Amino acid sequence: MLMVIVLLVMVVGSLLFHFIAPWHALPLASNWRDMDKTLTITFVITGIFFVVLNGFLAYTLLRFRRGQGERPAYQPTNHKLERWLTIVTAIGIAALLAPGLSVYADYVRPPSHAMEVEVLGNQWQWRYRFPGPDGKLGRSDARFISASNPFGLDPDDPAGNDDPLIEGSELRLPQDRPVKMLLRSIDVLHDFYVPQFRARMNMVPGQVSSFWFTPTVAGRFEAMCAQLCGVGHANMRGAVVVLPGAAFDAWIKAQPSRSAPAQADASSPVDVGMALAKSKACVACHSVDGSPGVGPSWKGLFGKTETFADGSQAKVDLAFLMQEIKEPQSRVVKGFPPVMPKSELTEAELAALAAYIESLAK
Ligand code: CUA
C-alpha cells in the first residue's frame, strides 16, 4: 500500500511541478517556434507514458497485493500483448523522433540569402568574423593563427582582407535578417548557445559546424558555452545584441578588418591593458577586485612574493608578469591548477597587460 501511495504522489507531484514551477523557458526571440513545439510534443508523449506506466504499476500493486487481492496468473508469453506493446512503443518513439528530425533538417539548411557569421571559440573566449563588402568570408585555418592573426586568416586569400573582425565576446546582429552561423574551435569542444534563440551547436576543433536562425526581437541576449570545456567553462559567456538593420549596417562598417586594422591606440598602456584583459578574456579567470577565481586575483598582486608549486618564490614585477603570461605552464603558482592557456600576444600587448596589473597593485 505504501508503494502505491509513493507512486501516486510521485506522478501527481511531477505533473504539478511541471505546470506550476516558476522555471519556464525565456521568451522566444528567433524564428524557431518549431523548437518549442517539438519540446511540447516530447513533454506530452513522455508525460502520457509516465502517467500510464506508473498508474498501471500502482493498479497492479493494489489489485494483486499479497494475501488480499487476486492471485496473478503466471504467463511467460503472450504474443498478442507483445504485438500491441511493440506497436504502441514504436509509434511513441517515432512520434518523439520525427518532429525533431524534421526541425533539425530545417535548422541546418539556411535560406540562400542568409548572412554568414563566423564564431571562433577557444578557452575561454569568443571572437566573431563577418564577410566584408565582397560578401565572402576569406579562407582560414588554425595553422595561420598568431598574435597578429588571431582568426587564422589565410594570408594568400584576398577575400579575407575586408572581413570585419570582432575581438571580444559581444556579437551584434541585424533584426529580422537570417544569419548562418559557422562555428570553429581552436582547442577543445565548445558549444555556442543563446537560449532565447532556441539555437545552439557544438564547436568541434578541426571542422566547421553550422546552423541558422533569424533574430526577431531587438535587445541583448546572453550567449553561453554549453559544453564543459575546462575550469573556465562557467565564465565563457558572451552576448548577442540584436539591432535594427540600419543600426547594424552602420556598426559593421566601423569594424576593423585586415585591410583596415584598428587604429593604433594612443591611450596609455594601462588602458590598452585593461581593454586587452577584456578582449582576451583574462578577466574570466582573474578578478580585479580581489574576489577568488580560477586564477590569482590581480588586485594587489603586483609587488607580492608568490610561491610556486615547486616551493620556489619570486617577487611579482613586470618581467615576472610578462613571463607568466607568455609561458603560463613554465611555473605554476602554488594553490592554483595548471590550466592557464597560452595567449598569442605581441610584446607590446604583454607589456600593456603587465602595466595594467601593476596599476591594480593598490
Ligand atoms: Cu567553452 Cu564551455
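Everything here concerns the structure above.
Residues numbered from 1 in each chain as written. Predicted model: local features only at pLDDT ≥ 70, side-chain atom pairs only at ≥ 80, totals over all residues. Heavy atoms only, no water.

So, on to the overall build of the chain. A count of helices and strands for the chain gives 7 helices and 12 strands. Computed over C-alpha atoms, the radius of gyration of the chain comes to 28 Å, more than 25% over the 21 Å expected from 2.2 N^0.38 for 362 residues, which places it beyond the range of a compact globule. Relative to its 362 residues, the chain shows a buried fraction of 37%. Expressed as a percentage of contacts within the chain between residues at least 6 apart in sequence, the contacts between residues at least 24 apart total 67%. Surface accessibility of the chain: about 20600 Å² in total, with carbon and sulfur atoms responsible for 63%. Positive and negative side-chain charges of the chain, numbering 34 and 33 respectively, have mean locations separated by a distance of 10 Å. (Helix = DSSP H or I, 4+ residues; strand = E, 2+ residues; numbered from the N terminus. Rg over C-alpha atoms; globule rule 2.2 N^0.38 Å. Buried < 20%, exposed > 50% of the residue type's maximum accessible area, 1.4 Å probe, protein only. Contact = heavy atoms within 4.5 Å. Areas by Shrake-Rupley, 256 points an atom, 1.4 Å probe, with all protein chains shown as cover. Lys, Arg positive; Asp, Glu negative; His and termini not counted. Charge placed at Lys NZ, Arg CZ, Asp CG, Glu CD.)

Turning our eyes to something else, we now look at the sheet that holds strand β9 (residues 219-225). With mixed pairing, 5 strands are arranged side by side in an open sheet as β4-β10-β9-β6-β7. Both outer strands of the open sheet, β4 (170-174) and β7 (199-203), are each paired with one neighbouring strand and no more. Pairwise comparison of adjacent strand axes, ignoring direction, gives a mean angle of 20° for this sheet. Each of β4 and β10 (237-243) is contacted by helix α4 (residues 245-253), which is oriented at about 130° to β4, the strand it contacts most. (Pairing = 2+ DSSP bridges. Axes fitted to C-alpha atoms, helices over the stretch in contact; angles between N-to-C directions.)

On to the packing of aromatic side chains, then. Scanning all chains against the criterion turns up 15 aromatic pairs. Where W126 meets F192, the ring centres are 5.3 Å apart and the plane angle is 85°; that geometry is what we call edge-to-face. In this pair, W126 sits in strand β2 (residues 125-129) while F192 sits in strand β6 (residues 190-194), placing the two residues 66 residues apart along the sequence. Ring pairing ties together the aromatic residues W32, Y104, Y107, F197, F211, W212, F213 and F221, which thus form one cluster. The ring of Y193 has R200 sitting right over it, with the charged end atom 5.1 Å from the ring centre. (Phe/Tyr/Trp six-rings, centres within 6.5 Å; stacked < 30°, edge-to-face > 60°. Lys NZ or Arg CZ within 6 Å of the ring centre and 35° of its normal.)

The geometry of helix α6 (residues 318-326) relative to helix α7 (residues 347-359) is characterised by a closest axis approach of 9 Å and an angle of 125° between their N-to-C directions. Between α6 and α7, the angle falls in the class oblique. In this structure, α6 meets α7 at a crossing whose hand is right-handed. Taken together, the residues of α7 that come into contact with α6 (itself represented by L318, L321, M322, I325 and K326) are E347, L350, A351, L353, A354, A355, I357 and E358. (Parallel < 35°, antiparallel > 145°, perpendicular 65-115°, else oblique. Left-handed = near helix turned anticlockwise from the far one by under 90°.)

A complete count under the given rule lists 17 salt bridges for this structure. Across the pair D154 and R139 runs a salt bridge, and its minimum N-O distance is 3.2 Å. In this pair, D154 is assigned in the loop between β2 and β3 (165-167) and R139 in the loop between β2 and β3, connecting sequence segments 15 residues apart. Judged by relative accessible area, which is 10%, D154 ranks as buried. With its nearest N and O atoms 3.5 Å apart, the salt bridge here joins D141 to R143. (Salt bridge = Lys/Arg side-chain N within 4 Å of Asp/Glu carboxyl O.)

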